[in-house]
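# A look at the structure
Residues per chain, in single letters:
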Amino acid sequence: MNKRKRKKWSARQSSKRGTVPGTPVFIGESRSEAVRIGSISYDRGDLVEKGALSLDDVHRPYRSEGVTWINVDGIHDLKVMDALGKRFGLHPLTIEDLMNTSQRPKAEVFPDYLFLVMKMMNYNDETNSVDVEHVSLILGEGYVLSFQEKEGDVFEPVRERLRASRGRLRGNGSDYLAYALMDAVVDHYFLSVERIGDVIEDMDDRLLSDPRSDDLQRIHELKRDVMTLRKAVWPLREAVGKLQKSDASFFGNDLDAFLRDLYDHTIQVIDMVESSRELLTGMHDTYLSSVSNRMNEVMKVLTVIATIFIPLTFIAGVYGMNFKYMPELDWRFSYPVVWIVMIAVGAGMVAYFRRKKWL
Amino acid sequence: MNKRKRKKWSARQSSKRGTVPGTPVFIGESRSEAVRIGSISYDRGDLVEKGALSLDDVHRPYRSEGVTWINVDGIHDLKVMDALGKRFGLHPLTIEDLMNTSQRPKAEVFPDYLFLVMKMMNYNDETNSVDVEHVSLILGEGYVLSFQEKEGDVFEPVRERLRASRGRLRGNGSDYLAYALMDAVVDHYFLSVERIGDVIEDMDDRLLSDPRSDDLQRIHELKRDVMTLRKAVWPLREAVGKLQKSDASFFGNDLDAFLRDLYDHTIQVIDMVESSRELLTGMHDTYLSSVSNRMNEVMKVLTVIATIFIPLTFIAGVYGMNFKYMPELDWRFSYPVVWIVMIAVGAGMVAYFRRKKWL
Amino acid sequence: MNKRKRKKWSARQSSKRGTVPGTPVFIGESRSEAVRIGSISYDRGDLVEKGALSLDDVHRPYRSEGVTWINVDGIHDLKVMDALGKRFGLHPLTIEDLMNTSQRPKAEVFPDYLFLVMKMMNYNDETNSVDVEHVSLILGEGYVLSFQEKEGDVFEPVRERLRASRGRLRGNGSDYLAYALMDAVVDHYFLSVERIGDVIEDMDDRLLSDPRSDDLQRIHELKRDVMTLRKAVWPLREAVGKLQKSDASFFGNDLDAFLRDLYDHTIQVIDMVESSRELLTGMHDTYLSSVSNRMNEVMKVLTVIATIFIPLTFIAGVYGMNFKYMPELDWRFSYPVVWIVMIAVGAGMVAYFRRKKWL
Amino acid sequence: MNKRKRKKWSARQSSKRGTVPGTPVFIGESRSEAVRIGSISYDRGDLVEKGALSLDDVHRPYRSEGVTWINVDGIHDLKVMDALGKRFGLHPLTIEDLMNTSQRPKAEVFPDYLFLVMKMMNYNDETNSVDVEHVSLILGEGYVLSFQEKEGDVFEPVRERLRASRGRLRGNGSDYLAYALMDAVVDHYFLSVERIGDVIEDMDDRLLSDPRSDDLQRIHELKRDVMTLRKAVWPLREAVGKLQKSDASFFGNDLDAFLRDLYDHTIQVIDMVESSRELLTGMHDTYLSSVSNRMNEVMKVLTVIATIFIPLTFIAGVYGMNFKYMPELDWRFSYPVVWIVMIAVGAGMVAYFRRKKWL
Amino acid sequence: MNKRKRKKWSARQSSKRGTVPGTPVFIGESRSEAVRIGSISYDRGDLVEKGALSLDDVHRPYRSEGVTWINVDGIHDLKVMDALGKRFGLHPLTIEDLMNTSQRPKAEVFPDYLFLVMKMMNYNDETNSVDVEHVSLILGEGYVLSFQEKEGDVFEPVRERLRASRGRLRGNGSDYLAYALMDAVVDHYFLSVERIGDVIEDMDDRLLSDPRSDDLQRIHELKRDVMTLRKAVWPLREAVGKLQKSDASFFGNDLDAFLRDLYDHTIQVIDMVESSRELLTGMHDTYLSSVSNRMNEVMKVLTVIATIFIPLTFIAGVYGMNFKYMPELDWRFSYPVVWIVMIAVGAGMVAYFRRKKWL
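Residues numbered from 1 in each chain as written. Chains lettered and ligands numbered in written order. Predicted model: local features only at pLDDT ≥ 70, side-chain atom pairs only at ≥ 80, totals over all residues. Heavy atoms only, no water.

Within an unreviewed UniProt entry, the label attached to chain A reads Magnesium transport protein CorA, and the organism entered is Dethiosulfovibrio peptidovorans DSM 11002. As its UniProt record puts it under Sequence similarities (unreviewed entry), chain A is described as follows: "Belongs to the CorA metal ion transporter (MIT) (TC 1.A.35) family." Word for word, the UniProt comment on chain A under Function (unreviewed entry) is "Mediates influx of magnesium ions." (UniProt positions renumbered as here; feature names shortened; annotations may be inferred.)

## Quick look at the interface of chain A and chain B
Between chain A and chain B, the contact holds 67 residues from the first and 66 residues from the second. The junction of chain A with chain B conceals about 5,800 Å² of combined surface from both sides, 60% of it contributed by carbon and sulfur atoms. Linking chain A with chain B are seven salt bridges. Between Lys106 of chain A and Asp264 of chain B there is a salt bridge, and its shortest N-O distance comes to 3.4 Å. (Contact = heavy atoms within 4.5 Å. Buried area = accessible area lost by both parts, 1.4 Å probe. Salt bridge = Lys/Arg side-chain N within 4 Å of Asp/Glu carboxyl O.)

## Considering the relation of the copies chain A and chain C
Superposition record for chain A on chain C: RMSD 0.1 Å, screw rotation 72°, translation along axis 0.1 Å. Within this description, the copies of the chain are treated as partners about a five-fold rotation axis. Measuring from the rotation axis to each C-alpha of chain A, the shortest distance belongs to Gly320 of chain A, at 4.5 Å. The two copies present different faces, since only 15% of the interface residues in chain A are matched by interface residues at the equivalent positions in chain C. (Least-squares fit on C-alpha atoms with pLDDT ≥ 70 in both.)

## A word on a nonpolar patch on the surface
Taken together, the side chains of Phe333, Val337 and Val341 of chain A make up a nonpolar region of the molecular surface, amounting to roughly 290 Å² of accessible area. Within the element layout of this structure, Val337 of chain A appears in helix H9 (residues 334-355). (Patch = residues over 30% accessible without salt bridge, like charges linked within 9 Å, V, L, I, M, F, W, Y side chains within 5 Å. Areas by Shrake-Rupley, 256 points an atom, 1.4 Å probe, with all protein chains shown as cover. Helix = DSSP H or I, 4+ residues; strand = E, 2+ residues; numbered from the N terminus.)

## Quick word on the interface of chain A and chain C
At the interface, 65 residues of chain A touch 66 residues of chain C. For the pair chain A and chain C, the summed buried area comes to about 5,800 Å², and 60% of that belongs to carbon and sulfur atoms. Looking only at chain A, the three residues that lose the most surface to chain C are Phe314, Phe323 and Tyr325 of chain A, adding up to 12% of its buried area. Summed over the shared surface of chain A and chain C, the number is seven salt bridges. Note that Arg260 of chain A and Glu108 of chain C form a salt bridge whose closest N and O atoms lie 3.2 Å from each other. The interface formed by chain A and chain C includes 15 residue pairs in polar contact (both at pLDDT 80 or more). Mapped by element, the contributors of at least two residues to the side of chain A that touches chain C are helix H4 (156-164), helix H5 (174-207), helix H7 (256-318), helix H8 (327-330) and H9 of chain A. Element by element, the count of residues in the side of chain A that touches chain C is highest for H7 of chain A, at 33 residues. Looking at side-chain class alone, the side of chain A that touches chain C contains 29 nonpolar, 17 polar and 19 charged residues. (Polar contact = N/O pair within 3.5 Å; in protein donor to acceptor, adjacent residues only side chain to side chain. Nonpolar A, V, L, I, M, F, W, Y, C, P; charged D, E, K, R; others polar.)

## Concerning unusual backbone geometry
Despite not being glycine, Ala52 of chain A shows a phi value in the positive range, around 45°. With respect to the element layout, Ala52 of chain A can be found in strand E2 (residues 47-53). A positive phi angle, close to 55°, is found at Asn128 of chain B, a residue other than glycine. In this fold, Asn128 of chain B is placed in the loop between strand E5 (114-124) and strand E6 (129-140). Looking at Asn128 of chain B, the relative accessible area reads 29%, which means it is partly exposed. (Buried < 20%, exposed > 50% of the residue type's maximum accessible area, 1.4 Å probe, protein only.)

## Thoughts on the pairing of strand E7 (residues 143-148) of chain C
All names here are of chain C. Extensive coverage of E7 is indicated by the burial of six of its six residues. Along E7, one buried face is formed by Tyr143, Leu145 and Phe147 and the opposite face, lined by Val144, Ser146 and Gln148, is buried too. With five bridges joining them, strand E6 (residues 129-140) and E7 adopt antiparallel strand pairing. When the bridges of E7 are listed, Ile138 appears paired with Leu145. Joining the antiparallel neighbours E6 and E7 is a turn of two residues, in which Gly142 adopts a positive phi near 85°. (Pairing = 2+ DSSP bridges.)

## Digging into the sheet that holds strand E4 (residues 106-109) of chain C
All names here are of chain C. Spatially, seven strands are ordered E2-E1-E3-E7-E6-E5-E4 in an open sheet, and the strand pairing comes out mixed. On the outer flanks of this sheet lie strand E2 (47-50) and E4, each paired with one strand and no other. Taking the axes of each pair of neighbouring strands and ignoring which way they run, one obtains an average angle of 15° across the sheet. Helix H3 (residues 92-99) contacts E4, strand E5 (114-124), E6 and E7 of the sheet and is inclined by roughly 155° relative to E6. (Axes fitted to C-alpha atoms, helices over the stretch in contact; angles between N-to-C directions.)

## Thoughts on the UniProt feature "transmembrane region" (unreviewed entry) in chain A
Residues and elements named next belong to chain A. Residues annotated by UniProt as "transmembrane region" (unreviewed entry) correspond here to residues 301-321 and 333-353. Secondary structure within residues 301-321 divides into 86% helix and 0% strand; the distance between the first and last C-alpha atoms comes to 30 Å. Along residues 333-353 one finds 95% helix and 0% strand; the C-alpha atoms at either end are 30 Å apart.

## Some details on the relation of the copies chain A and chain B
When chain A is fitted to chain B, the best match, at an RMSD of 0.0 Å, comes from turning it 72° and sliding it 0.1 Å along the axis. Here only 15% of the interface residues in chain A have copies in chain B that are interface residues too; the copies meet through unlike faces.

## Focus on the domain arrangement of chain A
One can read the domain layout of chain A as domain 1 (8-290) and domain 2 (292-355). Relative to domain 2 of chain A, the C-alpha centre of domain 1 of chain A lies at a distance of 72 Å. (Domains from an automatic or database assignment.)

## Let's talk about the nonpolar core
Of all hydrophobic cores here, the largest spans 135 residues; its most connected members are Tyr319 of chain A, Tyr319 of chain B, Tyr319 of chain C, Tyr319 of chain D together with Tyr319 of chain E. With residues near it in sequence (within four places) discarded, Tyr319 of chain B still touches Tyr335 of chain A, Met326, Glu328, Leu329 and Val338 of chain B together with Gly320, Met321, Asn322 and Phe323 of chain D. (Core = buried A, V, L, I, M, F, W, Y, C linked by side-chain atoms within 4.5 Å.)

## Digging into the packing of helix H6 (residues 215-245) of chain A against helix H7 (residues 256-318) of chain B
As a packed pair, H6 of chain A and H7 of chain B sit with axes 11 Å apart at the nearest point and diverge in direction by 170°. With respect to H7 of chain B, the axis of H6 of chain A lies roughly antiparallel. Residues Leu216, His220, Arg224, Met227, Arg230 and Lys231 of chain A of H6 of chain A touch H7 of chain B, and the partners they reach there are Ser275, Glu278, Leu279, Gly282, Thr286 and Ser289 of chain B. Looking at the contact of H6 of chain A with H7 of chain B, its residues break down into three nonpolar, five polar and four charged. (Parallel < 35°, antiparallel > 145°, perpendicular 65-115°, else oblique.)

## Quick word on the arrangement of the chains
One finds no contact linking chain B with chain C; the least C-alpha distance across the pair is 9 Å. Contact between chain C and chain D is absent, and the minimum C-alpha spacing across the pair is 9 Å.

## Topic: the pattern of salt bridges
In total, this model carries 100 salt bridges over all chains according to the counting rule given. A salt bridge links Arg224 of chain C to Asp204 of chain A; the shortest N-O distance between them is 2.2 Å. Of this pair, Arg224 of chain C sits in helix H6 (residues 215-245) while Asp204 of chain A sits in helix H5, on two different chains. The class of Asp204 of chain A is buried, set by a relative accessible area of 6%. For Glu160 of chain C, the salt bridge is made with Arg163 of chain C, and the minimal N-O distance between the two is 3.1 Å. Of this pair, Glu160 of chain C and Arg163 of chain C both sit in helix H4 (residues 156-163), three residues apart, which is roughly one turn of that helix. We classify Arg163 of chain C as partly exposed; its relative accessible area is 34%.

## Things to note about the sheet that holds E6 of chain B
All names here are of chain B. Across the sheet, seven strands lie side by side as E2-E1-E3-E7-E6-E5-E4; this open sheet has mixed pairing. A single partner strand is all that each edge strand has here, and the edge strands are strand E2 (47-53) and strand E4 (106-109). Strand-to-strand twist across the sheet, computed as the mean angle between neighbouring axes with direction ignored, equals 15°. Running at roughly 155° to E5, helix H6 (residues 215-245) makes contact with E4, E5 and E6 of the sheet.

What follows is the structure, encoded as structure tokens:
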């Protein structure tokens, strides 16, 4: 499962080869679910929520209407995307990027709207791997479009807050809504990163005392997961940084502190990801060291047993020779003397190993 | 085969030593095919395609003629290149770079034209290596020159689109054509990178369970291939970035979003190349670990067998001694007792190893 | 214990998921102590110190009053923080960061005040690990707020100097007080860094001569501690650098040299941390080398003993054969001759090993 | 030999300690040859070449005279350098750098002239090492001075072109001559880099199949050579980059494309050097892996032989015991049965190893 | 000894914890020698040199007096430093830094003077380690103050040149003197770096052929020494770079070339230090490889001996069995046949090892 997910993000781009640039083609895990479109329109006073909209119900809101948030679950239906693109005046390249799950996070300013690509991360406890989902936002005057690969609950808290009329959401414009959605995605990262961090630390604590043969494989997989996370967060940091500096007035000045906070959070996620990465590198070393230590121990046991008994066996061999003229064979106390010699040699060896701290 | 290709790109530069700078000399795999020149002239209405042009048929188009695209397959013929250079007013250093397959990707702005060097990449499934081809573009007012080392089909989709009058191509100027050609090359990278990525992942999945003796060699070769890819893509990213920022008006403002998209794609290729590289480094470590693990296992078997039997052999040796006075030899139950002792010693050893988890 | 501390800084962020951005939630080790608020108001002439203030006694000072320093021990009580936030006009995100112990060091300029997040470091000799404490400063006109997770003595020297009317403190404004508090924290770092440095050097000196089996584990733990320190100091350096360059007039020009000095000190701490880190990496290598050396020695002993006695045992075995027709068995001096041969073989082996420098 | 050369560049600087800054002292391999000065004066029409000039014949040319190129072979004669310095108005620090073979490549703009330090590289096939030579250029109005440590042929092609009146050389000013000389030096690098690259690749191809005991030493030496190359090329790149950007008008605008080309070439050399370096690092790993593999193989042979025969020897030992009451000894078919048992044990072992793929 | 020195630079900073910032406290190796103050006043005509000045004789010179250079040997006496600070109008933080031997190199511009912290390096041949000394310069109008931890001779050549009225020194201002002193310190670095470089190369040459057991320890120590050097030179480079760019007019424009030269020299020192570092890293690898090679050789000897004799011993064991019915025992030529078989087996083994190139 791990592999399938990973491939999704990086391996289908070539299917577009030869098409006109700006031709939208869905690149991602193939899906058959119908696309679900829902919308919430609100201002400080009212809130209207609609689920399961048909394409015909979706249109670009007039400025006077407060804020309209249209959420699209499912980006694999070219017809839907094309229609939306036309109604909201999206650039063909934007539609292409919306549908391309291998597109890396970025922020792009168009004359009419701001386009933001992000990645959702879910640590999947069943497959022990990170699921990646392509999430995009479009922020225009008075509206926000959000696109997800499939239905999910990451935006649910924002919806809740809108319905409850809590917080600043209802009294602010579409820019604040866009910020709130981005914040929801970044907050979600903490969950994945902490989950993966826990897995890593549990393993790290066990590794020296009880290394298992599949640990190396597991470390390898975790490294890939962390790599996936990095590839989602680093460009996002860049994108958020760009939003902060952007001259275009999509974000009001009153949001400055919030964007800085968001930027801060992405850096914190990066910090955690990099720590995980360093830990994993350390764990690889630890694993190798513990294998090496174990080998050392094996060698010591072999050496101790062999070096004690090989000389003794030689002594026994000597007196197993069948020469006619071997005076010792006929002596009365040869046998006990030989035993004493053998015990002395053995004890000497043991003492030597004790001194060497091999025993 | 792998090696021959690699050398081509990096190893013939010295043959030019001592010549006047700006002296065009073909540097690359020697070829004997005739140079093939084809042209397509089009505007929104008409399209004229000519194949196998002779040198005399090629001339710099007047501005009024729409767009003319001249494609040259084969860059090893000095006479042809010189003639083209003169007719299109190319700088001697440009001609030198056109013919030098060891030239790295770059974008250079001349007063009259824009010069772009790229590398085509093909993963060759037969030799399991990456073939590199030197591709250059010259974008002037109303015309585009493209140069390839040999006939290839990477530009075919662009030709198709021109013929079919599809997309934006026909309605746009030479700058859009140049962009479309660059885009075709970069899109082609995905194919090579994904192909190599698949090879790497297949190997990675097998490596821990079933390492083969030539894996190290293979990892080594793959590393070189990835290195080749990196050397093609990193400078290209720089070049495309330069095009975006360039003040010279070779690219219209309406192409900004497209160039940004192209830049984005090169970064994505780089991301994938770097991931492959990290995976390969990890695989090298995995291979070494698995060799080390295997050694460990070998050592354990040796140790278990040796430490069990060496003491037993010693005991047998003792009673093989020929002393006259060895009371045990004459006892009635010595033999079974010795067997019991030996079995006990052996069983004790086995129990010890069990506890140590060596068995 | 080490682990618990480490987790604190990096692992609870996700508990905030789904809340409104700017919602203060305490993120950190849970505590039940009551929050303690103390204040010192002073000007060049007078100083009034109050301990255990109730929330009602705390209010934003008027500008004419000289400098007021309010220190809050305990940041886990939302009610207290909220009340303070309101009285001092703090941004909701500031309160959020004040209570979030996983927030990394930073400096943020708000219109009314300057907000600085730092980390206190204590090397805990009992648990042999670094304790991290979240410390924040708010510098406004005529007042400084300081927040600590629990009562501590790091600011005590500053208090002493205020009381004693020594130094520049009493004659300067709130900016100098804020600087003095930052300086106290950074000076405190030296203690932790030097303590950890001593532990590392002691271990390093012992490592080659007397490696212990838990050294690897210890190196691993020290690496984590150093990582924790790095994560506290690097962003602090950035924050102090920002203060230096900041246009906002929270720091008077007369403090320039002092801020530069503070910046210098953070760089010095970083230098020391990086040195520790390099030493630890070197120690890991040293440990592995010494394990490898030891293995080598073990192998040598085994080889010497085995290769000396195995041939001798063979010789003895030969004359232990029971063939009827073995002329040597009946010769008069066979036995001593065999001994001589065996001694010669053994001595030859020893000489060979001597030459190889294995003995 | 390798070592001597390397030391030259980095190890005699201290001999100047205590002297006045700007005191010219020759730092380099001591030489006794006489300094040879030659000159070529030319304009578009005429060319006058003089060899073996005496100091008195050398003087700074008047501007009207076209271009004068004075080449000095040998920089160890303080008197000569001083005299030249005076006649051409060189800064004392320039003379110091001219004579200091440990000076790294750089470009420095003085009011009257441009000073460029470069390094010549020769791969010496006899000593299998890279010889470094200190080469400096001084470009003034109407003249170029070039300094080499000893007579060499790297500038010969330029001379040839001047004599033959070929190319742009004769029609251009002293700036183009300086460029041509720099180009000659950089072109020469390709030779060394390719030569070293060939040596590395030959070795790399052989390494896995047939590692030799001195390979490690050789890799080590090659690493040093590559290090030497890097130290020559990296600062040169910087220097050429500086020339491109320099405001001072020593290079005419018509040379821009040429300087860019030169810059490009240095980057290409750097690329090749870095590739060599990466290859060498990979080869070190390969060597270690192949040593480790070999060890593994050795261990396997030992283990197979030992684990097959040790149990068999034990069985033989059992029936070599001399107990009076050993019923098996008297049985009729004991001996063949024991053989069968022993063969079965041995065959079982072999089968086990087969299954483990050790055989 | 090595350790004591190293600690000095990095380990006493914490003793200042809790003091007022800007409180001068001596941080360094404790010393009891009296502080020695000497001065040299000169202009183009006269030079007055005074040794062993008392504090009362030291005062800030009037501008008309030419240049006064006051050298202070010993920075541990707070009283002296305080008095000097007052007389020359030094900032409290400057005095703090003057006395703090753990202060890293830096250049700081104050309104009245320029403050420069450097480190002197001496390779101590007795302790085989690098001694670090804290050296500071203060450059004001018409005067230079220099501070050393103890009497040393690094400035002696400058004094000599002043006395001898040689060079530019006497005719130039205090800025040139400051430059000359800096140059003297940097020139001194070459000595240490070259000395350490020689030690490293000697060891490197010996390492593969004759590794010793304490080499690892030595490499470790050298790494630390090189680290110490790096920590002195890198920030110095930065400081000198700052001097070059500084707008403040402490250095006249006529010194530009000299400062550039100084900067160049620090870069050259850095180059050499980095080369040493790379060599040391390579040597560590070489050492490990040679240990591994040696192990390999040991294993081979063991394997050869064991695998030759173990089968032979088995054969001998078989015919040492005491079965009644063993037909071979009674055959006439059994014994010689067995010998022939054993020799054949042994020879076969040897041939096998020959083919494997283990012999």
